[in-house]
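# Structural features, examined
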Amino acid sequence: MLSGKKIVLGVTGSIAAYKAAVLVRLLVKSGAEVKVLMTDAAKQFITPLTLATLSKHPVLVEFFSPENGEWNSHVKLGLWADLLLVAPASANTIGKMACGIADNLLLTTYLSSKCPTAVAPAMDLDMYAHAAHQQNLNVLRSRGVLVVEPACGELASGLQGQGRMEEPEEIVKQLQAFFEKKNRLSGKHFLVTAGPTHESIDAVRFIGNHSSGKMGYAIAEELATRGAQVTLVSGPVSITARHTGITLCKVTSAQEMYDAAVRIFPATDGAVMAAAVADFTPERKAEGKLKRGANSLSLALAPTKDIAAYLGSVKKKGQALVGFALEAADEHANARKKLREKNLDFIVLNSMNEAGAGFDVDTNKVYIIDKNGEQTACELKLKSEVAKDIVDRLQSLLKVKN
Ligand code: CTP
C-alpha cells in the first residue's frame, strides 16, 4: 500500500529514536522511498549512519553541508514528499510545529511542505498529558495532521502510562489506512457552503451572524484530503482553505451564495450546506451611509431564498444533500422537520444548549439524523474530527467504502 510513496521521516530527540531504524526498514519494505531528517538532539540517540544505510539516502541534519557549503533545500524536500512523518515526535518539536517555529531543517521542511503530515509522539506520561502539549496536539489535529497516539506501557523513566511511541508496525499500518482512505473520493466533486452571509443595509453596514466558517472549511478539507474536488462557496470569514483540491468561491450575500450554489450543484456528487445563511435581507440597500438623524429607524426585510431547499428540489438520483440545523429549542423535532422539508439525506444538528458547540469554537457536539429517523449522537470533539464523521456518513450514502 505504500508502494511508490515518497516519505520524509523526521526523527527528533527521544529515546524512542532507536525505533526509527525498524520504522525505516518497514517503510522501505512496504515499497516507500524514505529520506530521513534528524534534529541535532536525535543524533544523541541514533547515528545518521544507521538511518542512511537503511534508507539508502544521506541523512540530513543541517541547512547546508559543513564540508562544501551545499544547501539542503527544505523547500525541495517538502515538495518531494507525499507524506512527512515525524517519529518519534518530541513535545518540543510538536510545540514548535504548532507555533510555526522554524529553527531546524525538520521544521523548515514541515513549514514548506504541501503534503499531509503525521506525528508519532513519544515522551513521559506527564509531559504527554500536560495541557500545553495537548493543546499543541489539538492545533495540529485541527490543521489535519494525523496523530498516531502513543501507547501505554513502561516508559524510559520507569513510570507506567501513555507516552511510548507506537510500535513501528502499528505506525506503518495507520499510514497505510491513511493513504487508502485518502483516495476514496477521487473523481468525486462536492459543493460545500460555509460561513455567514452579510446583507447590506447601506454602504458600510450589514446584517450578519457569528458563524466563523470553521465547520464548513473542516468538511471541505476532509473531502479534499480524501481525494475529492471541492468547490467551497464561502461567505465572509477570516480563515483560509489550504488544500489544493479546494476551489474557493467567495460570496457576500445570501443571493450571491444562492446563485453560486445553483450554478455549481448540478455537476456535483453532492453538497454539504454548512453556511449560516441570513433568512432576511433589507428590502432596499440605502445609498451611501445612513445618517444618525431621526430618533428611530425601521428596516423593511424580505426573506432570502432557501438554498438547501432549492437544491433538495432539483437533486438527482445519486446526488447527496447534507444540511445543518442550529437550534435553540425543540432541537430534534426542528431538525427532523428541516430534513424532511429540504429533502436532505441527513442533517447535522448543533444544539445551542451544548457546551463547546456552536459558532466560533474549535469543537462541536452534534447529532446526525438520517432520513429513516435514525439518530447518532457524537461526542464533543474537534470540528476536524466531526468533519471526518460527516464525510464517513456521506461516503456510506454514496456507497463509497469507508
Ligand atoms: N440554509 C440554506 N439557505 C437558507 C437558509 C438555510 O441553504 N437561506 C441551509 C443551511 O445552510 C443549513 C439548513 O439550511 O444547512 C438549515 O439552516 P438553519 O439556519 O438552521 O434553518 P433555516 O431553514 O434558516 O430555519 P430557521 O432559521 O428558522 O431555524
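Quantities reported herein were computed from a predicted structural model and do not represent experimental measurements. (Residues numbered from 1 in each chain as written. Predicted model: local features only at pLDDT ≥ 70, side-chain atom pairs only at ≥ 80, totals over all residues. Heavy atoms only, no water.)

### Considerations on the domain arrangement of the chain
Buried accessible area, meaning the area lost when the parts come together, often serves as the stated size of an interface. Which entries qualify depends on this criterion: These domain boundaries are the output of an automatic or database domain assignment. Here a residue-residue contact requires only that any non-hydrogen atoms of the pair lie within 4.5 Å. In short, buried area is how much 1.4 Å probe accessible area vanishes from two parts on joining, totalled over both.
Each domain of the chain was delimited in the assignment, giving domain 1 (6-182) and domain 2 (189-397). The C-alpha centroid of domain 2 is placed 37 Å from the C-alpha centroid of domain 1. Facing 6 residues of domain 1, the contacting portion of domain 2 comprises 8 residues. Across the domain 1 to domain 2 interface the summed buried area is about 630 Å²; carbon plus sulfur atoms make up 55%.

### Let's talk about the sheet that holds strand β4 (residues 117-121)
Defined as follows: Paired strands, in this sense, are two strands between which DSSP finds at least two bridges. Going along the chain from the N terminus, every DSSP run of H or I of four or more residues is numbered as a helix, and every run of E of two or more is numbered as a strand. For helices, the fitted line uses only the C-alpha atoms of the stretch in contact; every axis is such a line through C-alpha atoms, and the angle between N-to-C directions lies from 0 to 180 degrees.
Within the open sheet, the 5 strands sit side by side as β2-β1-β3-β4-β5. Their pairing is parallel. What marks the edges here is a single partner per strand, and that holds for β2 (33-38) and β5 (146-147). Pairing geometry for strand β3 (residues 83-89) and β4, over 4 bridges, is parallel. In the strand pairing of β4, Val86 is matched with Val119. Of the strands in this sheet, β3, β4 and β5 touch helix α8 (residues 168-182), which is tilted by about 155° from β3.

### Section: the packing of aromatic side chains
Ring pairs (aromatic) are described by centroid distance and by the angle formed between their planes. To keep things clear, this is the line we draw: Paired rings are identified among Phe, Tyr and Trp, the last through its six-membered ring, by centres lying within 6.5 Å, and are further divided according to the angle between planes into stacked (under 30 degrees), edge-to-face (over 60) and tilted (the rest). Burial classes: relative accessible area under 20% of the type maximum marks a residue as buried, over 50% as exposed, and values in between as partly exposed (1.4 Å probe, protein chains only). Only Lys NZ and Arg CZ are tested; either one counts as a charge over a ring when it is within 6 Å of the ring centre and within 35 degrees of the ring normal.
Here the structure, examined in full by the defined rule, presents 2 aromatic pairs. Ring centres of Phe178 and Phe179 lie 5.5 Å apart, and the angle between their planes is 75°; on these two criteria the pair is classed as edge-to-face. Look at Phe179 and you get buried, because its relative accessible area is 3%. Relative to Tyr310, the ring of Tyr258 lies with its centre 5.6 Å away and its plane at 55°, an arrangement referred to as tilted. Note that Tyr258 is positioned in helix α10 (residues 254-264) and Tyr310 in helix α11 (residues 307-314), a separation of 52 residues in sequence. A residue is classified by how much of its surface remains accessible, and Tyr258, at 13% relative accessible area, is buried. Sitting above the plane of the Phe179 ring, Lys5 keeps its charged end 5.0 Å from the centroid. The ring of Trp80 has Lys35 sitting right over it, with the charged end atom 4.3 Å from the ring centre.

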